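# Topology and contacts: notes
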Amino acid sequence: MLKEILSIKPISLELNESNDIYMLLNIGILSNVANYNDAQFTDEFIEYIVSNKVTYIGLPLQVNKEKLENAEYDNLTHELVNGKLMTDSIGSFVDFWTETIDDATVLMGSVKIWKRYPNTCSAILELYENGDLESSCEVMIKEYKEITEDGIRIIDHADGSNAFIGSAIVSNPAESRAKATLLVAEAYEKDLSIENEEKGDVTVAEKEVFNKGHKIQYKGKFETASLKYSEISNQIYNKLNPINAKTNGRQYNYYIHTIFNDHVIVEDWDDYEVLFKIPYSIENDEVIISPSDQWEQGKLGFIPDNTVELTNLLSEKEKELSDVQDELTQVKEELASLQNDETKEASDFKDKIKELNDTIVTQAGTESELRNEIAELKSTVEELVQYKEKVEIAEKETEITELSNKYSKLLSEETFKSDDVQNAIQELNSEKLNEIVVNEVTKQKNEVEVASKQNDDVIVVASKQDDLIVKDKREFWASPRS
């Protein structure tokens, strides 16, 4: 029986949210175009794997762990010795699908890489940082459908005689169209030293919830060739909060509030009241963040910091109008007094009257201008009052959500749904909620003490699990290395 070894090289990789159990790696496996090994798979072979993915889920991702963890990156192979693969399993496939890449149909696979091997995961991250992360698929082939005149070996499903059996991380790629499209990774606390912490890198495990748990809002129409909304937000998030692949630490700076088609609103990671409006553009499916000197800082609701305090300005204008009106009243009173003063000489009286009339005209013009300004300011204030009310509602909803998330974990489901708890949450009454938590804990403690008195004996039953690994003629697939 022939064994076909097919290599692929991941070209692009992206960090995203993760968990403490595994890293998720999406890779291209093989295509329907001849690769560097002169092997070409039929559409039928690829489609059979996708249509029967349940059969293939669980197949391994292999590597020589000892070489990988000792940084022997130039000597990674399938370790095929006497018909047996001597590599170690570090993960397994969980899904399969197809994508079109360079006009070729490519079989894609999603692999969960186990985090029980932290040094292995760190080495994989390092390989990617250096552009050297390469993998190779393994296919058991009993017969070829055809060998063309130029030596291309055509491989089909052949009623199950030919089968995909896994992939391995190797040093030499063969499939140019295969690309790793996603790696969901996480830093390891054991690999982060005090020196790294002093640089500002924080373990991803400490901040593992993507975007600090906040749902991103999308506004406007996005015109891109292939990027999805989630891909745009992921690129922005990773550029604003970069990962240091060598130290496995992420620098948490901002979380995303709203994405528009040409700018994004982000909030300071440690101060939700501080926002930034950041312009961006998309070039060749890559999000380009504008330099920080083009960012605009603002507050909740994104009112820029340089916004004029219209309420204060309105008060100043109203006071100025009042002063003008007082002065105008005084002038009118003086004019009336002069008109009634028959002892004044006629010439002086006329000159004074003309002077006062000119003053009245001037002051009347000033009064008219101030009234127009006040009308405009009042209109603006009315708009801002409505906007302020929306902001206050949004702030309250955010606080209610935070309290609900917090106390749903501290209280039983029945207690959490009670009217007392729900009313306290709506009233943002943390003191009342804490009192309910204390009462709940006291009640549970009393119930445990009563139960412990009623049940003096505890019985623990254990059963031996049978070996679920079927041993048959395919034992040569195994990896017996210790």
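Above this text you will find the structure in question.
Below, the structure is looked at part by part. Predicted, not measured: the structure shown is a model, and the values here were computed from it. (Residues numbered from 1 in each chain as written. Predicted model: local features only at pLDDT ≥ 70, side-chain atom pairs only at ≥ 80, totals over all residues. Heavy atoms only, no water.)

### A look at the side chain of D88
- Turning to its location among the elements, D88 is positioned in strand β7 (residues 88-101).
- Assessed through its relative accessible area of 10%, D88 is described here as buried.
- Only 3.0 Å separates the side chain of D88 from the backbone nitrogen of K65, close enough to count as a polar contact. (Helix = DSSP H or I, 4+ residues; strand = E, 2+ residues; numbered from the N terminus. Buried < 20%, exposed > 50% of the residue type's maximum accessible area, 1.4 Å probe, protein only. Polar contact = N/O pair within 3.5 Å; in protein donor to acceptor, adjacent residues only side chain to side chain.)

### Regarding helix α10 (residues 419-426)
- Along α10, the residues classified as buried are V421, A424 and I425. Angular distribution of buried residues about the axis of α10 spans 100 degrees; they occupy a single face of the element.
- Looking one or two places after α10, you find L428, whose phi comes out positive at around 55 degrees. (Arc of directions from axis to C-beta.)

### Side note on the sheet that holds strand β10 (residues 146-147)
- Taken together, the three strands give an open sheet; going across it, the order is β3-β11-β10, and neighbouring strands pair in mixed fashion. Looking at strand neighbours, the two that pair on one side only are β3 (39-41) and β10, the edges of this open sheet.
- In terms of strand pairing, β3 meets strand β11 (residues 153-155) through three bridges, oriented parallel. Across the sheet, Q40 pairs through a bridge with I154, a residue of β11. (Pairing = 2+ DSSP bridges.)

### Describing the nonpolar core
- Core analysis: the largest hydrophobic core is formed by 35 residues, its most contacted members being I29, L30, I113 and F164.
- Within the second largest apolar cluster, 20 residues are counted, among which are L240, Y255, V264 and F276. (Core = buried A, V, L, I, M, F, W, Y, C linked by side-chain atoms within 4.5 Å.)

### Thoughts on the environment of Y272
- Examined against the element boundaries, Y272 turns out to sit in strand β20 (residues 271-283).
- Classification of Y272 by relative accessible area gives partly exposed; the value is 44%.
- Beyond its immediate sequence surroundings of up to four residues, Y272 is in contact with Y255 and E267. (Contact = heavy atoms within 4.5 Å.)

### Some remarks on unusual backbone geometry
- Its identity is not glycine, yet A71 carries a phi of approximately 60 degrees, on the positive side.
- Within the secondary structure, A71 sits in the loop between α3 (65-69) and β5 (80-81).
- Located in the positive-phi region is D102, a residue other than glycine, with phi close to 55 degrees.
- Secondary-structure assignment places D102 in the loop between β7 and β8 (104-114).

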